[in-house]
Amino acid sequence: MLKDITLGQYFPGNSVVHRLDPRTKLILLVVYIVALFLAVNWVSYAVMAAFLIIAIKVSTIPPKSIVRGMKPLVMILIFTAVLNLFFTAGEGEPLVDFWIFTVYADGLKRAVLMVIRILLLISGTFLLTYTTSPISLTDGLESLMNPLKAIKVPVHELSMMMCIALRFIPTLIEETDKIMAAQKARGADFESGNLMDKARALVPILVPLFISAFRRADELATAMECRCYQGGEGRTKMKLLRYNLWDFEAFGIGAVLLGLIIVLRTFGL
């Protein structure tokens, strides 16, 4: 299950999506999320799904990588679906009326649409991290947040922290997998017992994992100090961010998508 968590990984490539400016991809992700939350019915969600499928196809990212990244979210999806299914009131006769459980057609529809929304949301986020290197993502975030420097917000430091946190997700997952394998080789059992037993069995994993994480953080801080890292003030960049024709075309596609979803929402589609 841990190996299925792919958030934070970067798949090098030379597709159109890979070549887009990181600022373009960040802005388009925001537009995509706004459009996704404005979608209210099947037609709108079909448009969003079609847009995402085309983007994945153009990016040349294997669809199985995105599907594999969804596996750890199965319990969240089930929990969300159950809440919307049983706690959404509707009009007319219920589809199911058993004991304290009542399911209306509106509840079933809302549960399905909510699961689709989460899947589309997570897939779009995965597509950003899969096609954008951590360094480019940091530069893009810093550039977009530059206006906040006027109110003394440490833009560069915040961007660096977010990038490092994102980059360390695969590293910590790999470290956890190694620790679990080592503890199993010593006879640890993580499967049997009740919920409390399973929680106590995680202690031999969490303790060395925290120690390893702090050690890596200390090594990273030392490496940055050795390279005379002093924050963003006065720093130059090896690669300057520049918009090209593909970026402006992507902005146009994002604007068309958002406008189409707004029109569909107006007509209740």
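Here the structure is shown first, and the text comes after it.
Computed from a predicted model, the values in this text were never measured in an experiment.

Engineer: Looking at this structure, how should I read the nonpolar core?
Structural biologist: Side chains of nonpolar character tend, in soluble globular proteins, to be buried together. If you look at the biggest cluster of nonpolar residues, it comprises 28 residues, and the most contacted ones within it are Tyr32, Leu36, Tyr45, Met48, Ile66, Leu120 and Ile261. Mapped onto this core, the elements with two or more residues apiece are helix 2 (22–38), helix 3 (42–59), helix 4 (63–70), helix 6 (105–131), helix 7 (134–144) and helix 11 (245–266). If we skip the residues at most four places from it in the chain, tyrosine 32 touches Met48, Phe51, Leu52, Leu120, Leu121 and Gly124.

Engineer: What should I look at first to understand the packing of aromatic side chains in this one?
Structural biologist: Each pair of aromatic rings is reported with the distance of its centres and the angle of its planes. Inspection of the entire model under this criterion finds five aromatic pairs. Where phenylalanine 126 meets tyrosine 130, the ring centres are 5.7 Å apart and the plane angle is 20°; that geometry is what we call stacked. Of the two residues, phenylalanine 126 and tyrosine 130 both sit in helix 6, four residues apart, roughly one turn of that helix. The residues phenylalanine 126 and tyrosine 130 share a single accessibility class, namely buried. An aromatic cluster of three or more residues is present, and its members are Phe11, Phe126 and Tyr130. The residue whose ring lies beneath arginine 23 is tyrosine 243, and the NZ or CZ to ring-centre distance is 4.2 Å.

Engineer: Would you take a moment to explain unusual backbone geometry for this structure?
Structural biologist: Residues other than glycine seldom take positive phi values, yet threonine 60 does so here, at roughly 60°. Looking at the secondary structure, you find threonine 60 in the loop between helix 3 and helix 4.

Engineer: Could you clarify how one ought to interpret the pattern of salt bridges in this entry?
Structural biologist: Side chains that differ in sign of charge can pair as their charged atoms come close. What the rule picks out here adds up to three salt bridges. A salt bridge links arginine 216 to glutamate 175; the shortest N-O distance between them is 3.0 Å. With arginine 216 in helix 10 (residues 203–226) and glutamate 175 in helix 8 (residues 155–185), the pair connects residues that are 41 residues apart, well separated along the chain. A salt bridge links glutamate 219 to arginine 215; its shortest N-O distance comes to 4.0 Å. With a gap of four residues between them, glutamate 219 and arginine 215 both fall in helix 10, about one helical turn apart. Looking at glutamate 219, the relative accessible area reads 48%, which means it is partly exposed. The exposure class of arginine 215 is partly exposed, given its relative accessible area of 42%.

Engineer: Would you explain helix 5 (residues 74–86) in this entry?
Structural biologist: Taking 1.5 Å per residue as the helical rise, helix 5 with its 13 residues ought to reach 18 Å, and the 18 Å between its terminal C-alpha atoms agrees with that figure. Every buried residue of helix 5 is listed here: Leu77, Thr80, Asn84 and Leu85. End-on, the buried residues of helix 5 take up no more than an arc of 130°, which puts them together on one face. In this structure, helix 5 carries Met75 and Phe79 as exposed residues pointing more than 90 degrees from its buried face.

Engineer: Help me understand the packing of helix 2 against helix 6, please; the structure alone is not making it clear to me.
Structural biologist: Axis angle and axis distance: for two packed helices, these are the angle between their axes and the distance between the axes, and together they describe the pair. The N-to-C vectors of helix 2 and helix 6 enclose an angle of 175°; their axes lie 10 Å apart at closest approach. Classed by the angle they form, the pair helix 2 and helix 6 counts as roughly antiparallel. Along its contact with helix 2, which presents Lys25, Leu26, Leu29, Tyr32, Ile33, Leu36 and Phe37, the element helix 6 presents Arg117, Leu120, Leu121, Gly124, Thr125, Leu128 and Thr131. Grouping the amino acids of the contact of helix 2 with helix 6 by side-chain chemistry returns nine nonpolar, three polar and two charged.

Engineer: What is the right way to look at a nonpolar patch on the surface in this model?
Structural biologist: Together, Trp42, Leu95, Val96, Phe98, Trp99, Phe101, Leu108 and Val112 make up a nonpolar patch on the protein surface, roughly 850 Å² of accessible area in all. Mapped onto the nonpolar patch, the elements with two or more residues apiece are strand 1 (96–98) and helix 6. Within the secondary structure, leucine 95 is located in the loop between helix 5 and strand 1.

Engineer: Would you explain the environment of proline 208 in this entry?
Structural biologist: In this fold, proline 208 is placed in helix 10. Take proline 208: its relative accessible area is 26%, and that puts it in the partly exposed class. Once the C-alpha coordinates of proline 208 and proline 147 are considered, the two residues, 61 residues apart in sequence, prove to be 41 Å apart. Sequence-distant contacts of proline 208, that is, excluding residues within four places in its chain, are made with Ile179, Gln183 and Val203.

Engineer: Can you help me understand the packing of helix 3 against helix 6 in this one?
Structural biologist: Between helix 3 and helix 6, whose axes approach to 11 Å, the crossing angle comes to 25°. Classed by the angle they form, the pair helix 3 and helix 6 counts as roughly parallel. Judged by the sense of rotation from one axis to the other, the crossing of helix 3 with helix 6 is left-handed. On helix 6, the residues touching Trp42, Tyr45, Met48, Ala49, Leu52, Ala55, Ile56 and Ser59 of helix 3 are Lys109, Val112, Leu113, Ile116, Arg117, Leu120, Ser123, Gly124, Leu127 and Thr131. Grouping the amino acids of the contact of helix 3 with helix 6 by side-chain chemistry returns 12 nonpolar, four polar and two charged.

Conventions adopted
Residues numbered from 1 in each chain as written. Predicted model: local features only at pLDDT ≥ 70, side-chain atom pairs only at ≥ 80, totals over all residues. Heavy atoms only, no water. Core = buried A, V, L, I, M, F, W, Y, C linked by side-chain atoms within 4.5 Å. Buried < 20%, exposed > 50% of the residue type's maximum accessible area, 1.4 Å probe, protein only. Helix = DSSP H or I, 4+ residues; strand = E, 2+ residues; numbered from the N terminus. Contact = heavy atoms within 4.5 Å. Phe/Tyr/Trp six-rings, centres within 6.5 Å; stacked < 30°, edge-to-face > 60°. Lys NZ or Arg CZ within 6 Å of the ring centre and 35° of its normal. Salt bridge = Lys/Arg side-chain N within 4 Å of Asp/Glu carboxyl O. Expected span 1.5 Å × (residues − 1). Arc of directions from axis to C-beta. Axes fitted to C-alpha atoms, helices over the stretch in contact; angles between N-to-C directions. Parallel < 35°, antiparallel > 145°, perpendicular 65-115°, else oblique. Nonpolar A, V, L, I, M, F, W, Y, C, P; charged D, E, K, R; others polar. Patch = residues over 30% accessible without salt bridge, like charges linked within 9 Å, V, L, I, M, F, W, Y side chains within 5 Å. Areas by Shrake-Rupley, 256 points an atom, 1.4 Å probe, with all protein chains shown as cover. Left-handed = near helix turned anticlockwise from the far one by under 90°.

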